[in-house]
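# Working through the structure, step by step
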Amino acid sequence: QVQLVESGGGWVQAGGSLRLSCAASGGTFSRYAMGWFRQAPGKEREFVAAISRTGGATYYSESVKGRFTISRDNTKNTVNLQMNSLKPEDTAVYYCAADSTSYSATYASTSELRYDRWGQGTQVTVSS
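What counts and what doesn't
Residues numbered from 1 in each chain as written. Predicted model: local features only at pLDDT ≥ 70, side-chain atom pairs only at ≥ 80, totals over all residues. Heavy atoms only, no water. Phe/Tyr/Trp six-rings, centres within 6.5 Å; stacked < 30°, edge-to-face > 60°. Helix = DSSP H or I, 4+ residues; strand = E, 2+ residues; numbered from the N terminus. Buried < 20%, exposed > 50% of the residue type's maximum accessible area, 1.4 Å probe, protein only. Lys NZ or Arg CZ within 6 Å of the ring centre and 35° of its normal. Core = buried A, V, L, I, M, F, W, Y, C linked by side-chain atoms within 4.5 Å.

On to the packing of aromatic side chains. Summed over all chains, the structure comprises 5 aromatic pairs. Ring geometry for F37 and W118: centres 5.1 Å apart, planes at 55°, overall tilted. Residue F37 is found in strand β4 (residues 33-39), and its partner W118 is found in strand β10 (residues 117-118); the two are separated by 81 residues along the sequence. Note on F37: relative accessible area 1%, which makes it buried. In textbook terms, an aromatic cluster arises when at least three aromatic residues are bridged by ring pairs, as seen for F37, F47, Y115 and W118. Across the ring face of Y95, the terminal group of R45 is positioned such that the distance to the ring centre comes to 5.3 Å.

This is the structure we're talking about:
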């Protein structure tokens with residue numbers, strides 16, 4: 001059963017950058033589509049980015065497209081989220097998630113309902 005641990009969160013000024021990492025253990029990482037989601041105070045959790053099992057397909061929410069980049073390294077069992085040009089509205093707890101029943105090597109869902117393994121989350125705070 002895969003376990004996920006996020007790291008890299010913190011505080012940054014608007015316009016700055018952060019890089020989140022998620023380390024997976026206990027499963028076959030290359031079989032999982034991976035996603036990043038976030039939840040701001042008082043709001044529902046929302047999709048941020050996803051990447052297919054091979055890394056060949058990536059998906060982004062409109063709010064982060066062009067600023068965030070998701071990547072994965074199947075040799076190191078990690079998925080990363082590079083966040084540039086951060087805005088105060090990016091402030092949230094960021095969660096890494098795995099779709100352990102992914103049926104396609106070239107597709108990743110943007111729906112949190114598909115993801116059945118979740119990390120504990122890492123806080124990102126962007127000040128104006």
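One finds M34, W36, V79, L81, M83 and Y94 to be the most contacted residues of the largest nonpolar core, which totals 28 residues. Looking at this core, the elements that each hand over two or more residues are β3 (18-25), β4, β5 (46-51), β7 (68-73), β8 (78-83), β9 (92-99) and β11 (122-127). A33, F37, F47 and A97 belong to the second-largest nonpolar core, a separate cluster that totals 7 residues.

Nothing here speaks to function; it is all geometry.
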